[in-house]
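Each chain, letter by letter, is given below.
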Amino acid sequence: MSTPQTKIVPPLINLIRYNGLPILQQLHVEEQLLRTSSDNWCIVNDGTEDPTIVMGISGVPSDLLEIESVLRDGIPVIRRFSGGGTVIVDSGTVFVTLICNKEAVPDLQPYPRPIMSWSGHLYDRVFRGIGDFHLRENDYVFGNCKFGGNAQSITKTRWVHHTSFLWDYDVRNMAYLKHPKRVPEYRVARDHLEFICRMKDYMPRSMFIDRTIEALETDFSLRCIEPNGMASFLDEKFRHSTRLLTRQELEAANYASLDEISMLS
């Protein structure tokens, strides 16, 4: 007589979908859920209204930004709670964030490379049959061109992996970013516009979001949470480390950079 097999129940993940939530608010939600919630979360945000620069926690504005142009045009600059590089985001960016307990994905070691590798397999399912998708170093690419940038933060019991996907972008916005000192090997010496590509040339926006949610159901059981139902999960008194840099901070960084250049010349 055969022994009945125990059915493995996938872990529950809360899915919340926003449409155009300002990126600062999104990052505040993510940071609080990482620090205070014990649930798994997937956050999908379809665009953010105003062009905004987002730097990693250790980002140095003078190394990463054309500060005079940023100040002249009033582009907001955010320092987020996670590591990773610098991006400029707007209505053409689609954001997908995964916030999970360490035991949520069986056999996944809670370190940056294993989490990145697991995410590559997740998006393999999303982009199956579409373009030449690969995880290259820490980026999602079609062929040799980047369309998805990742950042992570890992705590004692939880991790966050968030991605900004370039469904579309405004060429003019790329001029606010300097060529970073540290770049992935596959970038070689390419500038921003040679290095990146638009997802819209490969698939419709709604298809990408739908396929991402479908791919998640391989590893999780989904529970949808409406945006107006998030109040019960958030505390208004929570102190976020993610914040806007002030104009004074950017001006000080610019002056320091100019002084350094004059000393070297």
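Residues numbered from 1 in each chain as written. Predicted model: local features only at pLDDT ≥ 70, side-chain atom pairs only at ≥ 80, totals over all residues. Heavy atoms only, no water.

## Concerning the sheet that holds strand 4 (residues 77–79)
In space, the four strands of this open sheet follow the order 5-3-4-12, with mixed pairing throughout. Edge strands, defined here as strands with exactly one partner in the open sheet, are strand 5 (87–89) and strand 12 (243–244). Where strand 4 meets strand 12, two bridges bridge the pair, whose relative direction is antiparallel. Looking across to strand 12, one finds that Arg-79 is bridged to Arg-243. (Pairing = 2+ DSSP bridges. Helix = DSSP H or I, 4+ residues; strand = E, 2+ residues; numbered from the N terminus.)

## Some points on unusual backbone geometry
With a phi angle near 65°, Asp-107 is a residue other than glycine that sits in the positive phi range. Summarising the element assignment, Asp-107 is placed in the loop between strand 6 (93–101) and helix 4 (112–126). With a phi angle near 55°, Glu-137 is a residue other than glycine that sits in the positive phi range.

## Re the sheet that holds strand 8 (residues 139–142)
Spatial strand order, 7-8-9-10-6-2-1-11: eight strands in an open sheet with mixed pairing. Of all the strands in the sheet, the pair left with one neighbour each is strand 7 (133–136) and strand 11 (221–225). Pairwise comparison of adjacent strand axes, ignoring direction, gives a mean angle of 20° for this sheet. Pairing geometry for strand 2 (residues 40–48) and strand 6, over six bridges, is antiparallel. Residue pairing across strands places Asp-46 opposite Val-94, the latter belonging to strand 6. Helix 6 (residues 205–216) contacts strand 1 (12–20), strand 2, strand 6, strand 10 (158–166) and strand 11 of the sheet and is inclined by roughly 10° relative to strand 6. (Axes fitted to C-alpha atoms, helices over the stretch in contact; angles between N-to-C directions. Contact = heavy atoms within 4.5 Å.)

## As for the nonpolar core
Of all hydrophobic cores here, the largest spans 34 residues; its most connected members are Tyr-123, Phe-127, Phe-147, Phe-165 and Phe-208. Where this core is concerned, the elements lending two or more residues are strand 1, strand 2, strand 6, helix 4, strand 8, strand 10 and helix 6. Not counting the four nearest positions on each side in its chain, Phe-208 is found in contact with Val-94, Val-96, Tyr-123, Val-126, Phe-127, Phe-165, Met-199 and Met-203. (Core = buried A, V, L, I, M, F, W, Y, C linked by side-chain atoms within 4.5 Å. Buried < 20%, exposed > 50% of the residue type's maximum accessible area, 1.4 Å probe, protein only.)

## Some details on helix 4
Between its first and last C-alpha atoms helix 4 spans 21 Å; for 15 residues at 1.5 Å apiece the expected length is 21 Å, and the two agree. For helix 4, the full list of buried residues reads Ile-115, Met-116, Trp-118, Ser-119, Gly-120, Leu-122, Tyr-123 and Val-126. Its buried side turned inward, helix 4 meets strand 6, strand 7, strand 8, strand 9 (145–154), strand 10 and helix 6. (Expected span 1.5 Å × (residues − 1).)

## Details of the pattern of salt bridges
On inspection of all chains with the given rule, the structure shows 10 salt bridges. Among the ionic pairs, Lys-181 bridges to Asp-63, the shortest N-O distance being 3.4 Å. Of this pair, Lys-181 sits in the loop between strand 10 and helix 5 (192–195) while Asp-63 is found in helix 2 (residues 61–64), placing the two residues 118 residues apart along the sequence. For Asp-63, a relative accessible area of 29% puts it in the partly exposed group. With a closest N to O distance of 2.7 Å, Asp-168 and Arg-198 form a salt bridge. Taken together, the residues Asp-168 in the loop between strand 10 and helix 5 and Arg-198 in the loop between helix 5 and helix 6 connect sequence positions 30 residues apart. (Salt bridge = Lys/Arg side-chain N within 4 Å of Asp/Glu carboxyl O.)

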